[in-house]
Each structure stands twice: as structure tokens, then as C-alpha cells.
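Residue strings, one per chain:
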Amino acid sequence: MIKAERIEKSFGSLKVLKGVDLAVGKGEVVAIMGASGAGKSTLLQILGTLSSPDGGTLSIDGTDVLKLGPKELSWFRNRRIGFVFQAHHLLPEFTALENVMLPALIAGRSKKDAREAAARILCDLGLGERLEHKPSQLSGGEQQRVAIGRGIVNEPAVLFADEPSGNLDSVTKQDIHKLFFELRDRLGQTVVIVTHDPELAAMCDRTLVMKDGQI
């Protein structure tokens, strides 16, 4: 599903990624761990096409994403890739339902289809009674579930998560961790998670450890 070779990235004179090679199979859940500054989040942003490498090749679901133009890449990212971040990045003026609908609307789906898909996902995530609540009316765990719903509403092939449970209490954290594996089992998604949490990493199929810009 993901094949990256010789990925390099520098910020000024600081070389953050030093020729990273990575392969992730379809339906695999992979954790990426390492100390702060090891290059984990930079690698995740490149794999998710949010940032471009200085060198190397990247294929996702058979597509050479580094050769796509800006519009093609935006289309591919919207439909084939989902994201979940530590900060939920929910739009505060929109309800839970509206936040989850947004990527579907951007993908060109009808308002009716987007609403039905978002409602179905939120119900599956245990938020059926919270559809019309705004983020400020939701707990941290509920907000993260909404963020996960938004990340999967277009049924992406790959879901990238950056410290998805970093701000949550231990009980809520365990629930969120289980969710990723339920999604994989139900939707066949490939999941790549950057985490400092050894408990979450231990649940994954594989754990990759980064140090000094390499795996």
C-alpha cells in the first residue's frame, strides 16, 4: 500500500530525514516510535503528501504521488488518505455532523449523501446522540472520535495518525486505540501511527523505531 525509498528532507542546514526506506502492506497497522526530533512527524507529513521530500520516491496504492500535479494530488489526498492529529482541528462553529461531512462535500458528494455517511459513521463511533453538538460541548475523547470520523468519511485506503491519543486520559485512550483496529478489521484500512505510547505500539502489527532521521 505504501512504498517509500530514500526519502530525504532538510530544513535549512538541518537534515531531518536521511534516506528513509519504508514499506507498509494493505490492511497493516504500523507504529512509528522514536525520541522527539527523530523525524517521525516529518516522515508522516511526507507519507501523507502534506509535505514534499527533497529526494526519494513515494508510491501509495500504486500511484506515484510525487509526480502528481497540485490539483491531482489534492484530489488523491482527499479521496485516498485520511488524517487524525493530536490536536483535533475541528471547526468550532460547526456541529459534529458538519465537521465529518466536510471532506465528503469537498470530494463532490451530494449534501444528502455526505450527511448520511457522516451520521452513519458517528453512530458507529458511539456518537449517535451527539450529532448536533459543537466541539465545545464534547469531551476530549468525543472530539477525537469526531476527528476520526472526519478522517474516514471518504473511506480512504490509508489513515495516518500523529499522536492520536496524546491528550486523552487513560480510559479514553484505550477506547481510541481499539478504534483503529476495529476500523482496520471492518474497512480493511492501512493505518500508520506516530506515537510515544508503548501500549499502543504493542497493539500494532509492527513497530518501526526512528533515530537520527533513519529507521
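A brief report on the enclosed structure follows. (Residues numbered from 1 in each chain as written. Predicted model: local features only at pLDDT ≥ 70, side-chain atom pairs only at ≥ 80, totals over all residues. Heavy atoms only, no water.)

## Comments concerning the packing of helix H3 (residues 96–106) against helix H5 (residues 140–152)
Axis separation between H3 and H5 bottoms out at 7 Å; the angle between their running directions is 25°. Our classification of the angle between H3 and H5 gives roughly parallel. Like other packed secondary-structure pairs, H3 and H5 cross with a definite hand, here right-handed. Mapping the contact onto sequence places Ala96, Asn99, Val100 and Pro103 in H3 and Val146, Gly149 and Arg150 in H5. Each residue belonging to the contact of H3 with H5 can be placed in one class, and the counts come to 4 nonpolar, 2 polar and 1 charged. (Axes fitted to C-alpha atoms, helices over the stretch in contact; angles between N-to-C directions. Helix = DSSP H or I, 4+ residues; strand = E, 2+ residues; numbered from the N terminus. Parallel < 35°, antiparallel > 145°, perpendicular 65-115°, else oblique. Left-handed = near helix turned anticlockwise from the far one by under 90°. Contact = heavy atoms within 4.5 Å. Nonpolar A, V, L, I, M, F, W, Y, C, P; charged D, E, K, R; others polar.)

## Side note on helix H4 (residues 111–124)
Residues spaced three or four apart along an α-helix point in a common direction, a consequence of the helix completing one turn every 3.6 residues. The terminal C-alpha atoms of H4, which comprises 14 residues, lie 20 Å apart, in line with the 20 Å expected from a rise of 1.5 Å per residue. Just beyond H4, the residue with positive phi is Gly126, at close to 80°. (Expected span 1.5 Å × (residues − 1).)

## Here's the deal with the nonpolar core
Membership of the largest hydrophobic core comes to 37 residues, with the highest contact counts inside it found for Leu97, Leu122, Val146, Ile148, Leu159, Phe180 and Ile193. Looking at which element gives the most residues to this core, the answer is H4, with 6 residues. In this structure, Leu122 is in contact with Ala96, Leu97, Val100, Leu127, Gly128, Leu131 and Val146, ignoring residues within four places of it in sequence. Among the nonpolar cores identified, the runner-up in size contains 29 residues, and Val24, Ile46, Val65 and Val158 belong to it. (Core = buried A, V, L, I, M, F, W, Y, C linked by side-chain atoms within 4.5 Å. Buried < 20%, exposed > 50% of the residue type's maximum accessible area, 1.4 Å probe, protein only.)

## Section: the sheet that holds strand S3 (residues 29–33)
Note on sheets: strands pair through backbone hydrogen bonds, and any given pair is parallel or antiparallel. The sheet built from 5 strands is open, its strands ordered S6-S7-S8-S3-S9 with parallel pairing. At either margin of the open sheet sits one strand with a lone partner, and together these are strand S6 (81–85) and strand S9 (206–209). Averaged over all adjacent pairs, the angle separating strand axes in this sheet is 20°, with direction ignored. Looking at chain direction, strand S7 (residues 158–162) and strand S8 (residues 190–194) are connected through 5 bridges and run parallel. Residue pairing for S8: Leu159 is matched across the bridge by Val191. The strands touched by helix H1 (residues 40–47) within the sheet are S3, S6, S7 and S8, with S7 carrying the most contacts at an inclination of about 155°. (Pairing = 2+ DSSP bridges.)

## A word on the pairing of S6
With respect to burial, S6 is a largely interior element, 4 of its 5 residues being buried. Bridge count between S6 and S7: 5 bridges; the pairing is parallel. Pairing of Ile81 across the sheet is with Val158, part of S7.

## Quick notes on H5
Between its first and last C-alpha atoms H5 spans 19 Å; for 13 residues at 1.5 Å apiece the expected length is 18 Å, and the two agree. Within the span of H5, buried status applies to Gly141, Glu142, Gln143, Gln144, Arg145, Val146, Ala147, Ile148, Gly149, Arg150, Gly151 and Ile152.

## Let's talk about the pattern of salt bridges
For the structure on display, the rule yields 11 salt bridges. For Glu28, the salt bridge is made with Arg206, and the minimal N-O distance between the two is 2.7 Å. One end of the pair, Glu28, is in the loop between strand S2 (14–24) and S3; the other, Arg206, is in strand S9, and 178 residues separate them in sequence. With relative accessibility at 16%, the residue Glu28 sits in the buried group. Residue Asp61 pairs with Arg80 through a salt bridge whose shortest N-O separation is 2.3 Å. Here Arg80 lies in helix H2 (residues 70–80) and Asp61 lies in the loop between strand S4 (55–60) and strand S5 (63–64), a separation of 19 residues in the sequence. Residue Asp61 is classed as partly exposed on the basis of its relative accessible area, which comes to 35%. Several salt bridges converge on common partners, so that one network encompasses Lys3, Glu5 and Arg6. (Salt bridge = Lys/Arg side-chain N within 4 Å of Asp/Glu carboxyl O.)

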